[in-house]
Every structure is written in C-alpha cells, then in structure tokens.
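# Fold and contact review
Read off the chains here:
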Amino acid sequence: MIVNPTDDEIRVGVFICDCGLNIAGAVDCAAVTDYAETLPDVVCAVRNKYTCADPGQNKIKDAIQQHRLNRVVVASCTPRQHEPTFRQCVREAGLNPYLMEMANLREHCSWVHPGDWDGATRKAKDLVASAVARARFLQPQEELTVPVTRAAMVIGGGVAGIEAAIELGDAGHKVVLVEKQPSIGGIMAQLDKTYPTMDCSI
Amino acid sequence: MATTTETFRCMMCGHEYTEPVEKGEDKERSCPKCRSNSIRHLKGRPPSNEPRPSRSETKE
Amino acid sequence: MKIRKKARYVDLSLCNACGECANVCPVTKPDEYQMGLSSRRAIYIPFPQAVPCSYILNMDDCLGNNPIACGKCIEVCEKKAINYDDRDEIVTREVGSIIVAIGLDVYDPTEMDEYGYTRFDNVITSMEFERLICAGGPTAGHFVRPSDHQRPKRIGFIQCVGSRNPKIGRPYCSNICCMNTIKDTLLLADHYPDVENVVFYQDIRAFGKSFEDMFQRSKEAGTRYIRGLPGDVEEDPETGNLTVTVENTTGGQLERHELDMLVLSVGVQPPKDLAKISGLLTLSKTSDGFFMESHPKLKPVDAPTRGVHFAGFCEAPKDIKDSVCQAGAAASRAGALLNAGQIQIEAITSRIDIEACMKCGLCAKVCPYGAIVWEKGQPAVVIEAACAGCGACGATCQFGAITMRHFTDDQLLAQVRAVLADDPQDKVFVFACNWCSYAGGDMAGISRIRYPSTNRVVRTMCSARVSEEMVLEAFRCGAPVVLVSGCHYADCHYINANRQTVKRMQRLWNTLEKAGVRPERLQLEWISAAEGQKFAKVMEQMEQLRKTVTAKEIEHAKQALKPKPKKAARAREEAAVPS
C-alpha cells in the first residue's frame, strides 16, 4: 500500500552516489553530501558507493522509515536511466513514486568535467540544490491506467518483419503484417545464398 | 501559395539575411553562416495569432 | 492505424498462378526482382515463391484498363480472377503495439563515377551479382558477364562502395558487405574451380561466429585479398575487359589488374520511407539516419515512443542472423505489453482549474494532440487519456489555470531560483527537453565529451513547457545567459509542440530588447538525443557568450525585467486576438 505522509512538514532525504569512481572520481562527493545537509527541509544526506544496488536502495528505504522522509532526492545518474528503479524503490518503502527526484551527477557532470574538480563539485552542488528545491514542491500523483488493444502491427515484410510476426502469432497474438510490395520477402528474397551457412535465402 | 521575403537575424553570430517564406511553412531554421538555431524573425509575422513585433528596426 | 490496401487487380482467392495471363500480355518491363536484368509483363508474379502466390497487375504498365485497348489477360483467365475496376481500399486496424521493420535501401553507386558503374557493362553491383549467380535468376545460375554473355574468369570485388566514406556522407560501416563478398568468392570458386577472384578492401571485418573460418576458406580457395581501394577503373572498348588501378597499401606499390568483370560491394542506407514512418510514430534518428533506440545497450529494440519496437536493418545495419534475433526480441517486448493488457500513463498530464480558467481557449489551440476541448464561453477541459504531457498549454496559459502535473510552475521556478541562488554570474542557465536535448547531454556524458562546467540544466518534458515567465525569472535571478533547447523539428516528441517554443522565443527576444536587455543573452538550439557532440559544442559557445556579459548588464536585466502590473492586461489582450 502506498502511504502518502501528510505534507505539514516537508522532510527531504538526499542520497549521493559515488557510482564507484564514475562520480566520485571527478566530484567531491563528501563535500556535496555536507552541502546537501544545509539545504532547506533536508533532514538527512547519505553518501553511497552504488545507490542503485540493493544495499544502496535499502539505505534509502531505511532512511525513509527512520527519518520519516516524505521526499527523496537521488543524486546519481540520468533519470532517463534509473528513474524507474528509484521510483520503485520509494514505492516499496511506502512512498508515492512521484515524491522522488533525481540529480544527474554522472552524465551531466562527472563524465563531462573530469579534471575540473572544483567546477564539477560546484555544479554538482547546484544540481542537488535544484533537485531539492523541486522536491519540496513535489506532490503524490496517481497514474491513469488505460487498456491496450491486444493486437500488434508489423510494418515491413522482410526477414525481420516476418520473423517478428511469426513470433507474435506463435505467442497467440493477433498480428497485422503490412508490406508495400506485392509479395513479402524483402531484400533477402533477392539474395541467392546467405552467409555463413551458404543456404538459400527463400 | 503566398510567398513573402522575410528578414532573419542570427542571435549567435549577428548574421542578418533575407529568405522567401511561404505562408504556413513549418521549417527548422539555422544560421547559414554559423548553423546556430537562434534565429530571430525581424519583419513581417508568422502565420499565427501572435502580436506583430512592435518595431522593425534591425540595429544592435 | 489506417492502412492503404493497394489494388492488385487480381483476385487472390481465385488466382491459381497458372500464368496464362502473363503469356498473352504484350507489355514488357524491366523485372525489379531480377534487378532489371530480365523482363516481366504488366501482369506478373513477383517471383516464383512469392507470398501471396498470386499474379498482380501493375496498372502503371498496363496498356489501359479499357478492355478495348487490350484486355488479352481477361480473355484468357479461366478463373475470371482479373478485375480492372479493383480499387485501393483503406483498412483500419486498432493495435496495441507496433513493430517497425522497414528494412533498408541498397546504395546506388552511380555517383561514384570513378568505378564506372552504368558506364561500363561489366561493372555490376553485389545485388546484381546475387541474381546472376542464382539458379532462379535471369541466367538460371550460369554466371555470365553482361557485355558478351561469356563466363568471366577474372573477377574483382571492390569493398566499401558507399560505406565508411565520409566524403560522400556515408561514414558508417554497412556491416554485411565483407561477409557477403567472402560468400560470393566461395560460391564462384565452388561453381568454377578455374576462377580468379581478387578482392580490394580497406579492412575485412569478419567478426561473427564462424566468419573468420569462411574468410580463411576463401583465401585457401585462391581468392587474393589486396588491401587498397581502387582509384580508377578503365574499360577496353574492344574486349569489355576492365583495368583497375590500385595502391596496394600493404607494400605501398601501385598495381594494375586486368579483370573480366568487377563487382561493387555496395553498402546500405536507411530506407527512403523512414522519415514518413518516423513522423507517423514520433520516432527519432541517429546521425547516420537509422532509427534511434531508447538505449543503445539496455533497450536496443524499444523506440522512445512506448509500444513501438524496432526489428532488423532500419535500426542499424545488421545481417540476417542479427535481424532474426532482434525480431524475436521485439516480438517478446511487444508481447509483454499485449499480455499485460493495460498500460500506465505517466502522471505528467495537464490539469485545468475551472475556477481560474478565463475561457480564452489559447491552450486548446496550442495542444498538438487536440487533447483540450474548449468552446467559446466555456472553461477548457483536458482529455487525460489523450494528453501526452508536453506542457505547451501550461506555458501558454497566462492565468495560472493550468497545472502540469510533476512539472508545475512552482517546481520549475524553484529550480531556477535554487540554481541561481549563489554566484549566478558564473552560470549558463539551460532548459533542456527530456527526449532530445537532455538526452543529447546524456550522450555527451556517455561519450565522455568534455565541455565547460558552468552550465546548469533544468529538464522539462518538452521545450514548449518553458514559459516566458521561467526565462524572465532566470534573468531576474541574475543569469547572464539562458539557453532553451529542444528536439529538431522533425524529431519533436510531441508532434510539433516545439513550434510554440519558437513563437515564445520571438516574443521573448522582443521583450528583452524593449527592456534594454541584450536579446542575444537568450539562445535557442535544437539538439537531438544523438548529438552529444553538438551539446558539448553549444555549451562551449554559451560559455564564450557568458564571458561577454558584464555585471552591469546582469544588474540592469534584474531591474528592467521586474514583473509589471500591466502583465495581466497584456495577457488578456493577447488572448483576445483572433486567430
């Protein structure tokens, strides 16, 4: 069950990830953690070696319970990679997944500013401050569930399209295979023998 | 199709140029000199409901 | 999805593929299946194993659907399967998942004039080679050369024709041509033991399972591999023989090879229909023009659009085995979604506060999805299932009546203020859209492309979410430079929402100029998810621009852009302007 804490008091937890040396090699993660603790409504800041691994996720879950967190900021990699991971993580700890925010210290910072220790650390602090500022305004959200029509369309009747259509058909799904030419087969049908086994294409 | 000649200014390098624009055209613009996408439309107005730019001067 | 089912003019259920119709058809056309090396009739079967196994009438070739003009095939068809009045049909099918497997186009080497393709009869492409060596081909598998129909003994292959050649805008490796040529040399050696094969190459990429073994067998069968791509091909007009000049880079000497026939091992390219499909399904491309996947390693068959998957060549050059593997993966991903039977929509959709809505209808106008319903005199209403969450409406509403869930004004303005709280003069403020520009930043990271550490990126789903207020607030907070970045026009993840970004930028430049703020401090760039290089370059440019902005300028902007009470009045005026 998802419990949404009352918002009388915002309690933010910040989790700074070393990502091995991926982040910690170019950013002063200890300084960023200290800085995070000074930000408004932040009640705890925790540094981790690998936040996405089980021990890292468990630290988030424990902190949510221990510090009664109702907002979580994960300062690690791009949300385009691990946002689903950490949303699931806070959900498992009873928090609405939309109360989690990420700061991208890896793709947008440590990986592109190696050798610029001060600049990268300053930037990392700002990215964390930005995420915390945003987190303070986050609200729990409910996702809309819509039905999916149980049929698939495959565009292109070459070897890939035919194979995909057969697979889906074998799995019991209805498939519409669309091909612009009069026959399926694609370019492969024009080949004589095919490597590496030298058998016929058709 | 109505075509007008419009003036554009690159906000990156300052290059100013004119180009025929078809009414209702929908195309990505980039500076012919520096490839920047910061292209300011200086005269005329796009086919939309937005206010006409109040001035037409093109100086710095 | 609507599908145009093209007219065949032959009833599939009646045609038994007897072929009488083609026997009487007086029209002769080049046979596309045989690469134009033989001919077909206007009514034809594409190839003997075609599926569906039925004849088809090409109306463009037919003498006319006026039976007086010809009509021979109708007369001879016992099954009465031919119908000149057949018409295209629009079929509508509702589907929950789409697999895009639109394949490839083969490179046409005519533009590489130095190789003489189309100038010399005996220079052919590797696709034409396939038809010439095939038992089902125009020569029934007897390998002959086009000029005199004699069997060639000395056959050359040129690799990388239209591949790994940045000079003609084709920098990528086509993946399949090395192995295809090795296969061809083995076929020739197998059919004709006296054949002399020569392969001109820059690198032989035989990296797959059992590929190296094939390469060694080809060498053992007598094929000579010469490292170097020919600079010139000449034809002896008497014999039709070809002389190839090449620098053998292994020894560094210039060599001339006389050959009976030359096969250009042509590369492949994205299919020309790719842009059309891309637009229909809001997909994006990588720099080489193939489809871009969600993640190059972890989501290799998923498109950024949910429910769409890639299979085969259209994602990147790959051989048959890889195509089959990817097709299986795509089917599995699609099947998982279909089995679930439902999908969660991310809670980032738009909500309208009926109380605050001034009923102007601007939001409905800018919505690319038609997801906002508005009637004059009524408050606007969002259809949540149709809303994709771009936020164009939220940035357009002047009355604060629209809340973009999870990307609210409060949240984004808080980020602007937090980032610029200390030493704003040292920072380049960047708004980046989730799908392209922010992803382009990720790509720069993954590729470890360095750029100045002064930029601060705030992510929105679409550049159209960035309101004028947000940009102005950044300047008020002391930002020297503000960059708004989004998807290229063709790649906009929200159909065309980023056109609103452009309009807003024009207004903002005017506003800045009026306020005496140098409008150049506000920049716009389109950066795709694949353009890590461009992202880094733009950040470098922004940093250069930042250095030109003086403390005095920053201070002036802070004062000059303070919110004025007339804002509400101006907004009302804008809303009242009819479209």
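For clarity, every value in this text was computed on a predicted model and none was experimentally measured.

All names here are of chain B. Overall, the predicted model of chain B reaches an average pLDDT of 78, with 68% of residues at or above 70. The least confident element of chain B is strand β2 (residues 16–22), whose mean pLDDT is 92; the most confident is strand β3 (residues 39–41), at 95. Note on residues 45–60: pLDDT is under 50 here. Beyond four places in sequence and across chains, it has 30 contacts.

Between chain C and chain A, the contact holds 105 residues from the first and 72 residues from the second. Here chain C packs against chain A, burying approximately 7600 Å² in sum over the two surfaces, 60% of which is carbon and sulfur. Here chain C is connected to chain A by 6 salt bridges. Across the pair Lys427 of chain C and Asp126 of chain A runs a salt bridge, and its minimum N-O distance is 2.7 Å. Seen at the junction of chain C and chain A, the total is 47 residue pairs in polar contact (both at pLDDT 80 or more).

This next bit is on the domain arrangement of chain C. Residues and elements named next belong to chain C. Assigned domains of chain C: these are domain 1 (1–94), domain 2 (96–340) and domain 3 (414–576). Contacts between the two partners involve 9 residues from domain 2 and, on the opposite side, 8 residues from domain 3. Here domain 2 and domain 3 share an interface that buries about 660 Å² over both sides, 64% of which is from carbon and sulfur atoms. For the domain 2 face of the interface with domain 3, the top three residues by lost area are Thr282, Met292 and Pro304, together amounting to 51%. Taken together, the connections running from domain 2 to domain 3 amount to 0 salt bridges. In this structure, the connection of domain 2 to domain 3 is made through 0 residue pairs in polar contact (both at pLDDT 80 or more). Per-class residue counts for the side of domain 2 that touches domain 3 are 3 nonpolar, 5 polar and 1 charged.

Here we take up the packing of helix α10 (residues 409–419) of chain C against helix α12 (residues 468–476) of chain C. Residues and elements named next belong to chain C. Here α10 crosses α12 at 20°, and the two axes come no closer than 9 Å. Viewed along their axes, α10 and α12 adopt a mutual orientation that is roughly parallel. Once α10 is placed against α12, the crossing between them reads as right-handed. Touching Asp409, Leu412, Leu413, Val416 and Arg417 of α10 are Glu469, Met470, Glu473 and Ala474, all from α12. Looking at the contact of α10 with α12, its residues break down into 5 nonpolar, no polar and 4 charged.

Here we come to a nonpolar patch on the surface. A cluster of nonpolar residues, Val373, Val381 and Ile383 of chain C, forms a patch on the protein surface that exposes about 220 Å² of accessible area. Within the secondary structure layout, Ile383 of chain C lies in the loop between β22 (381–382) and α9 (392–396).

Residue and element names in this part refer to chain C. One pass over the structure, following the stated rule, counts 47 salt bridges over all chains. Residue Asp409 is joined to Arg465 by a salt bridge in which the shortest nitrogen-to-oxygen separation is 2.5 Å. Here Arg465 lies in the loop between β25 (455–460) and α12 and Asp409 lies in helix α10, a separation of 56 residues in the sequence. Using a relative accessible area of 30% as the deciding quantity, one classes Asp409 as partly exposed. Of the residues examined, Arg465 reaches a relative accessible area of 1% and is grouped as buried.

What follows covers the arrangement of the chains. The interface with the most contacts, out of 2 pairs of chains in contact, is the one formed by chains A and C. At the C-alpha level, the nearest point of chain A lies 22 Å from chain B, with no contact between them.

Our next topic: the sheet that holds strand β6 (residues 151–155) of chain A. Pairing is parallel across the open sheet formed by 4 strands, whose spatial order is β7(A)-β6(A)-β7(C)-β18(C). Two strands bound the open sheet, and with one partner strand each, they are β7 (174–178) of chain A together with β18 (308–310) of chain C. Across the sheet, the mean angle separating the axes of adjacent strands is 20° when strand polarity is ignored. Relative to strand β7 (residues 97–100) of chain C, β6 of chain A runs parallel, the two being bridged by 4 bridges. From the neighbouring strand, Met153 of chain A faces β7 of chain C, where its bridge partner is Ile98 of chain C. Contacting β6 and β7 of chain A together with β7 of chain C, helix α6 (residues 159–170) of chain A crosses the sheet at an angle of about 165° to β7 of chain A. Sheet strands in contact with helix α7 (residues 320–340) of chain C are β6 of chain A together with β7 and β18 of chain C, and its direction is about 170° off that of β7 of chain C.

A word on the side chain of Gln500 of chain C. Residues and elements named next belong to chain C. By the secondary structure assignment, Gln500 is in helix α13 (residues 498–514). Assessed through its relative accessible area of 14%, Gln500 is described here as buried. With near-sequence residues (within four places) excluded, Gln500 lies in contact with Val366, Ala392 and Ala464.

With that settled, consider α12 of chain C. Burial analysis of α12 of chain C places 8 of its 9 residues in the buried class, which makes it a mostly covered element. Buried within α12 of chain C we find Glu468, Met470, Val471, Leu472, Glu473, Ala474, Phe475 and Arg476 of chain C.

Rules of the game
- Residues numbered from 1 in each chain as written.
- Chains lettered and ligands numbered in written order.
- Predicted model: local features only at pLDDT ≥ 70, side-chain atom pairs only at ≥ 80, totals over all residues.
- Heavy atoms only, no water.
- pLDDT = per-residue confidence, 0-100.
- Helix = DSSP H or I, 4+ residues; strand = E, 2+ residues; numbered from the N terminus.
- Contact = heavy atoms within 4.5 Å.
- Buried area = accessible area lost by both parts, 1.4 Å probe.
- Salt bridge = Lys/Arg side-chain N within 4 Å of Asp/Glu carboxyl O.
- Polar contact = N/O pair within 3.5 Å; in protein donor to acceptor, adjacent residues only side chain to side chain.
- Domains from an automatic or database assignment.
- Nonpolar A, V, L, I, M, F, W, Y, C, P; charged D, E, K, R; others polar.
- Axes fitted to C-alpha atoms, helices over the stretch in contact; angles between N-to-C directions.
- Parallel < 35°, antiparallel > 145°, perpendicular 65-115°, else oblique.
- Left-handed = near helix turned anticlockwise from the far one by under 90°.
- Patch = residues over 30% accessible without salt bridge, like charges linked within 9 Å, V, L, I, M, F, W, Y side chains within 5 Å.
- Areas by Shrake-Rupley, 256 points an atom, 1.4 Å probe, with all protein chains shown as cover.
- Buried < 20%, exposed > 50% of the residue type's maximum accessible area, 1.4 Å probe, protein only.
- Pairing = 2+ DSSP bridges.

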